Amino acid sequence: MIRAIVLAALLLSACTTTKKVADRTFKPPDRPFTIVVFRPDIEAGQMTAGGLFEVRADWTQSAELNIAAALTAREAKRGGTLSIYADSTAEPPLRAQISEIVRLHRTVGMAVLRHKYSGAELPTKKRIFDWTLGPGTAPLVAATHADYALFVYARDSFSSGGRRALQVLGYAGCIVLACVAVPGGRLTAFASLVDLKTGQLVWFNVLGASVGDMRSKKGAARMVANLLDTFPEQPKPPPPAP
C-alpha cells in the first residue's frame, strides 16, 4: 500500500502536458513562408530548499544555444525556412526594440496562460483567440525579411540538494500516512507564432513538465518537439515539371 502511494506520487511528478490555442481563422499562406526567431526568452537555474528560483548563467547559456539549434533543426526537417536572428549585430535602436518586444511577448504570454488556462477567462475572449503584440512588430519585417516571428519563453528549474532532501522527507512521510508534497524542479514553456505585419498571435502552445533538461541537446530537442507538436505546417513544394 505504502509502496503504491509513493510510486503514484513519482509517476504524477513526471507528467508532461501540452495545450494549444490558436486563431481559428488563421490559415498559413499557400506559399513557403519565412519565420524568424529572436533570442529565446530562457532561464535555467535551481530551486532552493526554500522554494526560490536561482538563475544559473552557465546553465542558461547552454539552454539558449541548445534550444536555438533544436528549433532550426526541427524546421529544416519539415522543409521550412526558420532563422535565428543575430540581434547582437543589429544597430542599438533595433536591438533595443527587439528586447522590448521580447519582454512584451512574455507579458502577453503570461496573460494568455492566466486567461485561457487558469479559469480566469475574460468575457470578451471566451470564444475567440485575440491577442496581439501591437503594431510595433511591423518595422521588423524590413529588418528581418520574415513573414512571422516565433517567440519562445521557457523556465527550467532543478532541485538543489536541500530541496531534494525535503522531497525525500515528504515521500517518507507517506509511511505514517502523512505525505507532504514538496514540488521539485519544473519546466514551463510557451511559444507564439506572430504575424509581424500585424503583431497578431496566430498560434500559441504551452508546455508543463516535471522532467526535462534544456541544458542538454537531447533534452532541448525533446522540449522543442513537444512545444511545437501542433505548429503550422509549411506548404509542400509543387512537384517538378515533367
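Higher on the page you've got the structure.
Residues numbered from 1 in each chain as written. Predicted model: local features only at pLDDT ≥ 70, side-chain atom pairs only at ≥ 80, totals over all residues. Heavy atoms only, no water.

## Here's the deal with helix H3 (residues 92-117)
Residues three or four positions apart in an α-helix share a direction because the helix packs 3.6 residues into each turn. Look at H3: 37 Å from first C-alpha to last across 26 residues, which is about the 38 Å you get at 1.5 Å a residue. Note on H3: the residue one or two positions beyond its end, glycine 119, has a positive phi of about 90°. (Helix = DSSP H or I, 4+ residues; strand = E, 2+ residues; numbered from the N terminus. Expected span 1.5 Å × (residues − 1).)

## Concerning the packing of aromatic side chains
Inspection of every chain in the model, using the stated rule, returns 8 aromatic pairs. Consider the rings of phenylalanine 26 and tyrosine 148, whose centres lie 5.9 Å apart with planes at 80°: the pair is edge-to-face. Placement of the pair is phenylalanine 26 in the loop between strand E1 (16-22) and strand E2 (34-37) and tyrosine 148 in strand E6 (residues 148-159), with a sequence separation of 122 residues. Relative accessible area serves as the criterion here: at 19%, phenylalanine 26 is assigned to the buried category. Overall, tyrosine 148 belongs to the buried group, its relative accessible area being 7%. Note on tyrosine 153 and phenylalanine 190: the rings are 4.6 Å apart at their centroids and 15° apart in plane angle, and the pair reads as stacked. Taken as a pair, tyrosine 153 in strand E6 and phenylalanine 190 in strand E7 (residues 187-195) lie far apart in primary sequence, 37 residues in all. Linked through ring pairs, Phe129, Tyr153, Phe190 and Phe204 together constitute an aromatic cluster. (Phe/Tyr/Trp six-rings, centres within 6.5 Å; stacked < 30°, edge-to-face > 60°. Buried < 20%, exposed > 50% of the residue type's maximum accessible area, 1.4 Å probe, protein only.)

## Regarding the pattern of salt bridges
What the rule picks out here adds up to 6 salt bridges. Residues glutamate 64 and arginine 39 are paired through a salt bridge, measuring 3.6 Å at the closest nitrogen-oxygen approach. On the criterion of sequence distance, the pair formed by glutamate 64 in helix H2 (residues 57-77) and arginine 39 in the loop between E2 and strand E3 (41-47) is long-range, its members being 25 residues apart. The class for arginine 39 is partly exposed, based on a relative accessible area of 45%. One salt bridge connects aspartate 41 with arginine 106, and the closest N-O pair in it is separated by 2.7 Å. Residue aspartate 41 is located in strand E3, and its partner arginine 106 is located in helix H3; the two are separated by 65 residues in the primary sequence. A network of salt bridges, in which partner residues are shared, links Asp41, Glu43, Arg106 and Arg155. (Salt bridge = Lys/Arg side-chain N within 4 Å of Asp/Glu carboxyl O.)

## Overview of the side chain of serine 192
Tracing the chain through its elements places serine 192 in strand E7. Setting aside residues no more than four positions away along its own chain, serine 192 makes contact with His105, Ala149, Leu150, Phe151, Leu201, Trp203 and Phe204. (Contact = heavy atoms within 4.5 Å.)

## Structural notes on the environment of valine 202
Topologically, valine 202 is positioned in strand E8 (residues 201-209). In sequence terms valine 202 and proline 28 are 174 residues apart; their C-alpha atoms lie 9.4 Å from each other. For valine 202, the contacting residues outside a window of four places in its chain are Ala22, Asp23, Phe26, Tyr148, Leu193 and Asp195.

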